[in-house]
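# Topology and contacts: notes
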Amino acid sequence: MRLLILGGTGPSGLQIIHQALALDHTLVVYVRSPQKLPESVTSSPSVTVVVGGLSDAEKLSAALEGVHAVLSALGPAVKSGPFHPGNTPLANAYALLLDLMRQRDVKRLIALGTASMTDEHDKFSLEFAVLVTGVAVFAHNAYKDVVAIGKNIRAADRDVMWTIARVPLLTEKEDTAVLAGYIGDGKTRTRLSRAAFAAFVLQELEENKWCRQAPLISSP
């Protein structure tokens, strides 16, 4: 498939890129800072790098041309913490993206989410309640942006088949084993490797088991 990758300069996005290339996909990597991409990515004949901002409708629309699906690892940078902008820039970017996807007839989106995005299938979990409350208190703007991302994706036109892969705390382990469920289901845990996140995204791209759903994924 020809895939548009967003958030590709971050560690989770790079995992998606490397695993997608290993599966022989063709990638359009849309980035603001191409110098952050490793040479192994930029030199690949299967990768086209498009430089642009998330609010640049013209460039983002051009990047969507001929694309079969959008895989996004966009999320507030950990280091931004309490300094994340208060105007929900990522949620606004998703609103623009979804509109452009409709115009370009791109129907599949798999996006990174977090436990801060609630779901009707979730149950109470003290561990997750503590995690989410900590983010809401100490990184409120990032929390607000993430919640708005979830609302914007869920409000997408019915023609867009979206999946939000909600993640707990991310680790750098190489293990790709993953469980998909919901908060408080007795199965999912509070840790997930970035490699496993990417593996889930690419598996979901093929299987479409979680269309218009927002599972919580974790390491077993």
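Residues numbered from 1 in each chain as written. Predicted model: local features only at pLDDT ≥ 70, side-chain atom pairs only at ≥ 80, totals over all residues. Heavy atoms only, no water.

If you tally the helices and strands in the protein, you get seven helices and 10 strands. Here the C-alpha atoms of the protein give a radius of gyration of 16 Å, agreeing with the 17 Å that 2.2 N^0.38 yields for 220 residues. With respect to the three principal axes, the spread of C-alpha positions in the protein is 45 × 35 × 35 Å. Looking at the protein as a whole, 49% of its 220 residues are labelled buried. For the protein, contacts bridging at least 24 residues in sequence account for 71% of all contacts bridging at least 6. Side-chain charges in the protein split into 22 positive and 21 negative, and the spacing between the mean points of these groups amounts to 5 Å. (Helix = DSSP H or I, 4+ residues; strand = E, 2+ residues; numbered from the N terminus. Rg over C-alpha atoms; globule rule 2.2 N^0.38 Å. Buried < 20%, exposed > 50% of the residue type's maximum accessible area, 1.4 Å probe, protein only. Contact = heavy atoms within 4.5 Å. Lys, Arg positive; Asp, Glu negative; His and termini not counted. Charge placed at Lys NZ, Arg CZ, Asp CG, Glu CD.)

For the rest of this paragraph, the subject is the side chain of serine 61. By secondary structure assignment, the location of serine 61 is in helix H3 (residues 57–63). A residue is classified by how much of its surface remains accessible, and serine 61, at 14% relative accessible area, is buried. Once you skip the residues sitting within four places of it in the chain, serine 61 turns out to touch Leu100 and Arg104.

Another aspect to go through is the pattern of salt bridges. Inspection of every chain in the model, using the stated rule, returns six salt bridges. Here aspartate 105 ties to lysine 107 by a salt bridge, and the two come within 2.9 Å at their closest N and O atoms. On the basis of relative accessible area, lysine 107 is assigned to the partly exposed category, the value being 39%. Between glutamate 172 and arginine 194 there is a salt bridge, and its shortest N-O distance comes to 2.6 Å. With glutamate 172 in the loop between strand E7 (169–171) and strand E8 (179–181) and arginine 194 in helix H7 (residues 194–207), this residue pair connects regions lying 22 residues apart in the sequence. Overall, the relative accessible area of 58% leaves glutamate 172 in the exposed class. (Salt bridge = Lys/Arg side-chain N within 4 Å of Asp/Glu carboxyl O.)

One can describe the packing of helix H1 (residues 11–22) onto H7 by two numbers: an axis separation of 8 Å at closest approach and a directional angle of 50°. Judged by the angle between their axes, H1 and H7 are oblique. Seen along the crossing, H1 lies across H7 with a hand that is right-handed. Between H1, through Pro11, Ser12, Gln15, Ile16, Gln19 and Ala20, and H7, the contact on the second element is made entirely by Arg194, Ala195, Phe197, Ala198, Ala199, Val201 and Leu202. Along the lines of polarity and charge, the residues of the contact of H1 with H7 split into nine nonpolar, three polar and one charged. (Axes fitted to C-alpha atoms, helices over the stretch in contact; angles between N-to-C directions. Parallel < 35°, antiparallel > 145°, perpendicular 65-115°, else oblique. Left-handed = near helix turned anticlockwise from the far one by under 90°. Nonpolar A, V, L, I, M, F, W, Y, C, P; charged D, E, K, R; others polar.)

Turning next to H1. The end-to-end C-alpha distance of H1 is 17 Å, a good match for the 16 Å that 12 residues give at a rise of 1.5 Å each. Within H1, the full set of buried residues consists of Ser12, Gly13, Leu14, Ile16, Ile17, Gln19 and Ala20. Those residues of H1 hidden inside the fold are in contact with strand E1 (2–6), strand E2 (26–31), helix H2 (39–42), strand E4 (69–72), E7 and H7. Aspartate 24 lies just past H1 and shows a positive phi near 70°. (Expected span 1.5 Å × (residues − 1).)

So, about the pairing of E1. Most of E1 is tucked away: four of the five residues are buried. In this view, the connection linking E1 to its parallel neighbour E2 by way of H1 has right-handed handedness. The sheet contact formed by E1 and E4 spans four bridges and is parallel. In the strand pairing of E4, leucine 6 is matched with serine 72. (Right-handed = clockwise from strand over helix to strand, strands pointing away. Pairing = 2+ DSSP bridges.)

What follows concerns unusual backbone geometry. Located in the positive-phi region is asparagine 208, a residue other than glycine, with phi close to 55°. For asparagine 208, a relative accessible area of 37% corresponds to the partly exposed category. The backbone of arginine 212 shows a phi angle near 60°, a positive value even though the residue is not glycine. Looking at where arginine 212 falls in the secondary structure, it is placed in the loop between H7 and strand E10 (216–218).

For the rest of this paragraph, the subject is the environment of alanine 20. Tracing the chain through its elements places alanine 20 in helix H1. On the accessibility criterion, alanine 20 (0% relative accessible area) is buried. The sequence separation of alanine 20 and alanine 198 amounts to 178 residues, and the corresponding C-alpha distance is 8.6 Å. If we ignore the near neighbours within four places in the chain, the residues touching alanine 20 are Leu3, His25, Leu27 and Leu202.

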